[in-house]
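Fold and geometry: a report
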Amino acid sequence: MTTAFTPPGPGSPTEAHLLLVEDDEVIRNTVRMALERYGFTVSTAGDGLTGLEIFRERQPDLLLLDVMLPELDGIGLCRRVREFSLAPILMMSARGDSLDVVSGLEAGADDYVVKPCESAVLVARIRSLLRRASFTPVARASRAEARGGAPEADGAAGPDTLVFGDLTIDTRGMEVRRAGEPLALTPTELRMLLEFAGSPGVVLERRTLLSRVWDHAWQGDTRVVDLHVQRLRAKIGAERIETVRGFGYKLRR
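Residues numbered from 1 in each chain as written. Predicted model: local features only at pLDDT ≥ 70, side-chain atom pairs only at ≥ 80, totals over all residues. Heavy atoms only, no water.

Side note on the packing of helix H4 (residues 98–107) against helix H9 (residues 223–236)
- Interhelical geometry of H4 versus H9 gives an angle of 35° and a closest axis separation of 9 Å. For the pair H4 and H9, the crossing hand works out as right-handed. When H4 is examined against H9, the residues Ser98, Val101, Val102, Leu105 and Glu106 are found in contact with a partner set consisting of Arg223, Val224, Leu227, His228, Gln230 and Arg231.
- Per-class residue counts for the contact of H4 with H9 are 5 nonpolar, 3 polar and 3 charged. (Axes fitted to C-alpha atoms, helices over the stretch in contact; angles between N-to-C directions. Helix = DSSP H or I, 4+ residues; strand = E, 2+ residues; numbered from the N terminus. Left-handed = near helix turned anticlockwise from the far one by under 90°. Contact = heavy atoms within 4.5 Å. Nonpolar A, V, L, I, M, F, W, Y, C, P; charged D, E, K, R; others polar.)

Here it is in structure tokens:
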């Protein structure tokens, strides 16, 4: 069963414990030392099966893994972790190959970087994922209500609950239910859903979602957005998020 993700404590994101799974020893040690200089605690593994075992034992705050791994590749490891954890996953691809990227995101990864990657860029992506994991959507929901963007017309069950048909979003408890059944959403999926719920019926461009959800105002690949919309649709209902060709997506009221 997939368990809820418990984000890092209230201190700096660099207090987080990361698990790095990389088969190249030189790269593994170089990345580990770079991340430790930024204050992270880093565990490492050289293959997918060992990485899975360490993840189960230590329950790190974030998983950073290469696509190409012995024993169990990064795609397989990502899928196995998603069976029991919603912790953020950042994948590394040596080529940035489209198939690698799409396969990783479909398997449950939240984001990806292309190797070689500058330490500052890698840390920025990690911090973004950790912020997203500890995101409290109450403030955003409150702002949406203040500007008339909350789905009151569709019937809100309370000040902290948004309702769209059979979909109920508890913005304080960060719980989502469909037809009364709880949904296991990753932090990225939850934050994306809150973005849609804050502006129901309004088209959100891919670049807008990339900037708000992934903090990629400076760069980013909109395929990340498309794949997460696909994953979110599979959980909340394909008809709930409408594609507006040439523009983006909107949540139906």
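Examining the confidence of the model for the chain
- Looking at the chain, the pLDDT average stands at 83 and 82% of residues meet or exceed 70.
- Mean pLDDT in the chain bottoms out at helix H6 (residues 138–146), which sits at 40, and peaks at strand S1 (residues 17–21), which reaches 98.
- Counting contacts from residues 3–13, a segment whose pLDDT is below 50, to residues more than four positions away or on other chains yields 19 contacts. (pLDDT = per-residue confidence, 0-100.)

Quick look at the nonpolar core
- Core analysis: the biggest nonpolar cluster contains 50 residues, and Leu63, Leu77 and Phe196 have the highest contact counts within it.
- With near-sequence residues (within four places) excluded, Phe196 lies in contact with Leu204, Leu209, Leu232, Ile241, Tyr249, Lys250 and Leu251.
- Counting residues in hydrophobic clusters, the runner-up holds 17 residues, among them Leu20, Leu90, Leu129 and Leu130. (Core = buried A, V, L, I, M, F, W, Y, C linked by side-chain atoms within 4.5 Å. Buried < 20%, exposed > 50% of the residue type's maximum accessible area, 1.4 Å probe, protein only.)

Some points on the packing of helix H5 (residues 119–133) against helix H7 (residues 187–198)
- For the pair H5 and H7, interaxial distance at closest approach is 8 Å and the crossing angle is 70°. In terms of orientation, H5 and H7 fall into the roughly perpendicular class. For the element pair H5 and H7, the recorded crossing hand is left-handed. Taking contact as the criterion, the partners of Leu129, Arg131, Arg132 and Ala133 in H5 are, on H7, Pro187, Thr188 and Arg191.
- Classifying every residue of the contact of H5 with H7 gives 3 nonpolar, 1 polar and 3 charged. (Parallel < 35°, antiparallel > 145°, perpendicular 65-115°, else oblique.)

Some thoughts on the pattern of salt bridges
- Applying the stated criterion across every chain yields a total of 12 salt bridges.
- In this structure, Arg125 engages Asp111 in a salt bridge whose closest nitrogen and oxygen atoms are separated by 3.6 Å. Here Asp111 lies in strand S5 (residues 111–114) and Arg125 lies in helix H5, a separation of 14 residues in the sequence. Of the two residues examined, Arg125 and Asp111, each falls in the buried class.
- Salt bridges here are not isolated pairs; linked through shared partners, they connect Glu22, Asp66 and Lys115. (Salt bridge = Lys/Arg side-chain N within 4 Å of Asp/Glu carboxyl O.)

Quick notes on the sheet that holds strand S7 (residues 167–170)
- Reading across from one edge, S6-S7-S8-S9 is the order of the 4 strands in this open sheet, with antiparallel pairing throughout. Since the sheet does not close on itself, it has two edges, and those belong to strand S6 (161–164) and strand S9 (181–183), each with one partner. Taking the axes of each pair of neighbouring strands and ignoring which way they run, one obtains an average angle of 25° across the sheet.
- Here S7 runs beside strand S8 (residues 175–178); their pairing, made up of 4 bridges, is antiparallel. (Pairing = 2+ DSSP bridges.)

What to know about the environment of Phe40
- Mapped onto the fold, Phe40 is located in the loop between helix H1 (25–37) and strand S2 (41–45).
- A relative accessible area of 3% means that Phe40 is categorised as buried.
- The spacing of Phe40 and Glu15 is 25 residues in sequence and 5.8 Å in space, taken between C-alpha atoms.

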